[in-house]
Amino acid sequence: MMRVLIWNEYRHEQHNEKVANIYPQGIHHALQSFLETDDIAVETATLDEPDHGITEERLANTDVMIWWGHMAHHEVEDHIVEKVHQRVLEGMGLIVLHSGHFSKIFQKLMGTSCDLKWREADEKERMWVVDPTHPIVEGIGEYIEIEKEEMYGEHFDIPAPDELVLVSWFEGGEVFRSGCTYKRGHGKIFYFRPGHESYPTYYHKDVQLVIQNAVRWAQPVERTISTYGNAKAIEEIKSKGEGE
């Protein structure tokens, strides 16, 4: 059984009527509704819970974490970020959604500002599949079209992705690297662009399918974690000159 933890800031839904009407139980529950299956157990956590809902035990038992944040990145405690970062290095998968690009955890893992251009103008977004062989886009056609979304535009200040899976075009003319994978330590990371809180994007079937595929792709590989530091020799080391 794969164990997924959905972390959502959960502020817009409580203070903005438009957002609350779209996601009455919060973005985290909208994600949970299509991710929970017979072989995936899903829990949720939010910013205002003790330890932001990310306890030591819960984190240790998480295979893949999903992160959505926007207006309160600065309120996430640094010691929690450090714990999540360590779990990624140990093998936990991480899916960062939309405005999570500015989260402390994504910036720490990328080592850059993760800044970009943006605009809210009810624009059409067309996300083109540029790596059709990648398992994250299995079952997706040539592109995903979203009727209205927030625009993100280049330059996106991230390291060059290990794999570029999706590229967006917006009605206003911009393009954006919308589906990017990375490996950090033993962990796999996927950044997925769409999901502005004032649009019903997470009800879009293709968007849901990409997230479902990404969770399965990012799950840890069953293996012993690498060891580091001073190591004993596996084989006998002959002294210099011995046997000459």
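Look up a bit, the structure's there.
What counts and how
- Residues numbered from 1 in each chain as written.
- Predicted model: local features only at pLDDT ≥ 70, side-chain atom pairs only at ≥ 80, totals over all residues.
- Heavy atoms only, no water.
- Helix = DSSP H or I, 4+ residues; strand = E, 2+ residues; numbered from the N terminus.
- Expected span 1.5 Å × (residues − 1).
- Buried < 20%, exposed > 50% of the residue type's maximum accessible area, 1.4 Å probe, protein only.
- Patch = residues over 30% accessible without salt bridge, like charges linked within 9 Å, V, L, I, M, F, W, Y side chains within 5 Å.
- Areas by Shrake-Rupley, 256 points an atom, 1.4 Å probe, with all protein chains shown as cover.
- Salt bridge = Lys/Arg side-chain N within 4 Å of Asp/Glu carboxyl O.
- Phe/Tyr/Trp six-rings, centres within 6.5 Å; stacked < 30°, edge-to-face > 60°.
- Lys NZ or Arg CZ within 6 Å of the ring centre and 35° of its normal.
- Pairing = 2+ DSSP bridges.
- Axes fitted to C-alpha atoms, helices over the stretch in contact; angles between N-to-C directions.
- Contact = heavy atoms within 4.5 Å.
- 1 Å grid on protein atoms, 1.4 Å probe; cavity = no way out; pocket = protein on both sides within 12 Å on 5 of 7 lines; lining within 4 Å.
- Points joined across faces, edges and corners; volume = space filled by probe spheres on them.
- Nonpolar A, V, L, I, M, F, W, Y, C, P; charged D, E, K, R; others polar.

*Asks:* So what exactly am I meant to see when it comes to helix α7 (residues 205-218) here?
*Replies:* Three- or four-residue spacings in an α-helix give side chains the same orientation, since the helix completes a turn every 3.6 residues. Under the 1.5 Å per step criterion, the end-to-end length of α7 is 20 Å for 14 residues, consistent within 8% with the ideal 20 Å. Taken residue by residue, α7 has V207, Q208, V210, I211, N213, A214, V215, W217 and A218 as its buried positions.

*Asks:* Explain a nonpolar patch on the surface here, please?
*Replies:* A cluster of nonpolar side chains, namely W128, V130, Y143 and L164, defines an oily patch on the protein surface of about 330 Å² accessible area. Topologically, L164 is positioned in strand β7 (residues 163-170). Judged by relative accessible area, which is 32%, L164 ranks as partly exposed.

*Asks:* Can you help me understand the packing of aromatic side chains in this one?
*Replies:* To describe a pair of aromatic rings, one takes the distance between the centres and the angle between the planes. Scanning all chains against the criterion turns up nine aromatic pairs. A centroid spacing of 6.3 Å and a plane angle of 50° characterise the contact between Y23 and Y202, whose relative ring orientation is tilted. Taken together, the positions of Y23 in the loop between α2 (17-22) and α3 (27-35) and Y202 in the loop between β9 (187-192) and α7 put the pair 179 residues apart, joining distant regions of the chain. Judged by its relative accessible area of 1%, Y23 is buried. Take Y202: its relative accessible area is 0%, and that puts it in the buried class. Between Y23 and Y203, the aromatic rings sit 5.3 Å apart at their centres with planes inclined by 20°, giving stacked as the arrangement. Of the two residues, Y23 sits in the loop between α2 and α3 while Y203 sits in the loop between β9 and α7, which places them 180 residues apart along the sequence. Following the ring pairs from residue to residue traces out a cluster consisting of F106, Y152, F156, F176 and Y191. Directly above the ring of Y143 sits R126, whose terminal nitrogen or CZ lies 5.5 Å from the centroid. When the ring centre of Y152 is taken as origin, the NZ or CZ atom of R193, which lies over that ring, is 4.9 Å away.

*Asks:* Just checking my understanding: could you explain the sheet that holds strand β1 (residues 2-8) for this structure?
*Replies:* Backbone-to-backbone hydrogen bonds join strands into a sheet, with any given pair of strands oriented parallel or antiparallel. Strand order in the open sheet made by the nine strands is β2-β1-β3-β4-β9-β8-β7-β5-β6, with mixed pairing throughout. Both edges of this open sheet fall to β2 (40-46) and β6 (143-153), since each of them pairs with a single strand only. Taken over all neighbouring pairs, the strand axes of this sheet differ in orientation by 25° on average, direction set aside. Pairing between strand β8 (residues 175-184) and β9: six bridges, direction antiparallel. Each residue of the ladder has a partner; that of K183, found in β9, is K188. Of the strands in this sheet, β1, β2, β3 (64-68) and β4 (93-97) touch α3, which is tilted by about 180° from β2.

*Asks:* How should I be thinking about the layout of surface pockets in this particular structure?
*Replies:* Over the atoms, a rolling probe the size of a water molecule traces out where space has been left empty. Estimated volume of the largest pocket: approximately 390 Å³. Around the largest pocket sit 22 residues that line it, and G91, Q219, P220, V221 and E222 are the ones nearest its centre. Listing elements by their share of the lining of the largest pocket, those giving two or more residues are β1, α5 (78-90) and β9. Looking at the lining of the largest pocket residue by residue, the classes come out as seven nonpolar, seven polar and eight charged. The volume enclosed by the second largest pocket comes to roughly 160 Å³. What lines the second largest pocket is H70, H98, S99, H101, F102, D115, L116, W118, E120, E150, Y152 and H196. Those elements that provide at least two residues to the lining of the second largest pocket are β5 (117-129) and β6. Residue composition of the lining of the second largest pocket, grouped by class: four nonpolar, five polar and three charged.

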